[in-house]
Amino acid sequence: MYGLSNILFNEQVGILATSLTLFYPIMFALSRDYLIDFALVAMVTTVHYLILRSEGGIKRPWNFTLGAVIGLALLTKPASLLFLIPSWIFVFFRSFRSRKDLFALLPVLAIFLLIILPWYLSSYHDFIKINNFWQKFSQTNENDPIKFIPSVLWYFNALKDVLISPVLLIFFGIGFILFLALDRERRVWSYLTIWVVPSF
């Protein structure tokens, strides 16, 4: 989080963002829950830092690290790919226009395939069976929606259960409006949009 904020803004914002994130109640709860969501948050944040640090996988030697961490993120949870691909493509093409070094992507792809293929090839059928079982279980026992639109509506409705304080939400709204007003170049806003909207 510090590195990501430092690249997008500056060192002071990095320190503040890291401190605030550590005090998020949801982060505190996830770190003590017997689920992989906290690890997923950590891996996705690390990959986004490396996407920016390696300029989309073009800048050496950071592209080697990017490939390794993408592989580890996919081993943590396959859904992590949804949070990575749009912003990776966005940053890569912005960097490619100036550097035009397509071969720098080869180590990224080779390393992450080397990490994930042994597990995915040996466990593919078991993974599909378990995934199908849990989808049916969630739908029948927990009433979790499977289709896209009902799922979006369900999550919006569930926000009220994790909202700590409506007053704090007002402060967040004010801060977000100020951020949009001060981000003159729209660099951070465009990256945030590419990261959040497609994955949602």
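Residues numbered from 1 in each chain as written. Predicted model: local features only at pLDDT ≥ 70, side-chain atom pairs only at ≥ 80, totals over all residues. Heavy atoms only, no water.

It is worth spelling out the overall build of the protein at this point. Check the secondary structure of the protein and you find 10 helices and 0 strands. Counting all 200 residues of the protein, 28% fall into the buried class. Contacts in the protein between residues at least 24 apart in sequence constitute 63% of all its contacts with a sequence separation of at least 6. For the protein, the exposed area adds up to about 13,700 Å²; of that, 72% sits on carbon and sulfur atoms. (Helix = DSSP H or I, 4+ residues; strand = E, 2+ residues; numbered from the N terminus. Buried < 20%, exposed > 50% of the residue type's maximum accessible area, 1.4 Å probe, protein only. Contact = heavy atoms within 4.5 Å. Areas by Shrake-Rupley, 256 points an atom, 1.4 Å probe, with all protein chains shown as cover.)

All right, on to the confidence of the model for the protein then. Of all residues in the protein, 82% attain a pLDDT of 70 or more, and the chain-wide mean is 79. Put simply, helix α10 (residues 187–199) is where the protein has its lowest mean pLDDT, 69, and helix α5 (residues 62–76) is where it has its highest, 91. (pLDDT = per-residue confidence, 0-100.)

Counting across every chain of the model gives 3 aromatic pairs. With a centroid separation of 6.4 Å and an interplanar angle of 85 degrees, the aromatic rings of Tyr-49 and Trp-62 are classed as edge-to-face. Placement of the pair is Tyr-49 in helix α4 (residues 37–53) and Trp-62 in helix α5, with a sequence separation of 13 residues. What makes Trp-62 partly exposed here is its relative accessible area of 26%. Where Trp-119 meets Tyr-120, the ring centres are 5.1 Å apart and the plane angle is 85 degrees; that geometry is what we call edge-to-face. Tyr-120 gets classed as buried once you look at its relative accessible area, which sits at 18%. (Phe/Tyr/Trp six-rings, centres within 6.5 Å; stacked < 30°, edge-to-face > 60°.)

Moving on to the packing of α4 against α5. In contact at an axis separation of 9 Å, α4 and α5 are set at 160 degrees when each is read in the N-to-C sense. In this view, α4 runs roughly antiparallel relative to α5, as classed from their interaxial angle. Read as a crossing pair, α4 and α5 show a hand that is left-handed. Of the residues in α5, those touching α4 at Ala-39, Leu-40, Met-43, Thr-46, Val-47, Tyr-49, Leu-50, Ile-51 and Arg-53 are Trp-62, Thr-65, Leu-66, Val-69, Ile-70, Leu-72, Ala-73 and Thr-76. When grouped by side-chain class, the residues that make up the contact of α4 with α5 number 13 nonpolar, 3 polar and 1 charged. (Axes fitted to C-alpha atoms, helices over the stretch in contact; angles between N-to-C directions. Parallel < 35°, antiparallel > 145°, perpendicular 65-115°, else oblique. Left-handed = near helix turned anticlockwise from the far one by under 90°. Nonpolar A, V, L, I, M, F, W, Y, C, P; charged D, E, K, R; others polar.)

All right, on to α5 then. Taking 1.5 Å per residue, 15 residues should reach 21 Å; α5 reaches 21 Å between its end C-alpha atoms and fits that length. By the burial criterion, the buried members of α5 are Asn-63, Leu-66, Gly-67, Val-69, Ile-70, Gly-71, Ala-73 and Leu-74. (Expected span 1.5 Å × (residues − 1).)

Glancing now at unusual backbone geometry. In the segment running from Arg-60 into Pro-61, the intervening peptide bond is cis, with an omega of 0 degrees. Position of Pro-61 relative to the elements: it lies in the loop between α4 and α5. For Glu-55, which is not a glycine, the phi torsion comes out positive at approximately 55 degrees. Tracing the backbone through its elements, the reader meets Glu-55 in the loop between α4 and α5. Overall, the relative accessible area of 27% leaves Glu-55 in the partly exposed class.

One finds Val-47, Ile-51, Leu-66, Ile-70 and Trp-88 to be the most contacted residues of the largest nonpolar core, which totals 27 residues. Broken down by secondary-structure element, the contributors of at least two residues to this core are α1 (2–8), α4, α5, α6 (80–99), α7 (105–141) and α10. A per-element tally of this core places α4 first, with 7 residues. Residue contacts for Leu-66: discarding those within four places in its chain leaves Val-47, Leu-50, Ile-51, Ser-54, Gly-56, Gly-57, Trp-88 and Val-108. (Core = buried A, V, L, I, M, F, W, Y, C linked by side-chain atoms within 4.5 Å.)

With that out of the way, let us pick up the environment of Tyr-191. Turning to its location among the elements, Tyr-191 is positioned in helix α10. Between the C-alpha atom of Tyr-191 and that of Leu-8, which follows or precedes it by 183 residues, the distance is 9.2 Å. Leave out the neighbours within four places in its chain, and Tyr-191 touches Leu-8, His-48, Ile-51, Leu-52, Ser-87, Phe-90 and Val-91.

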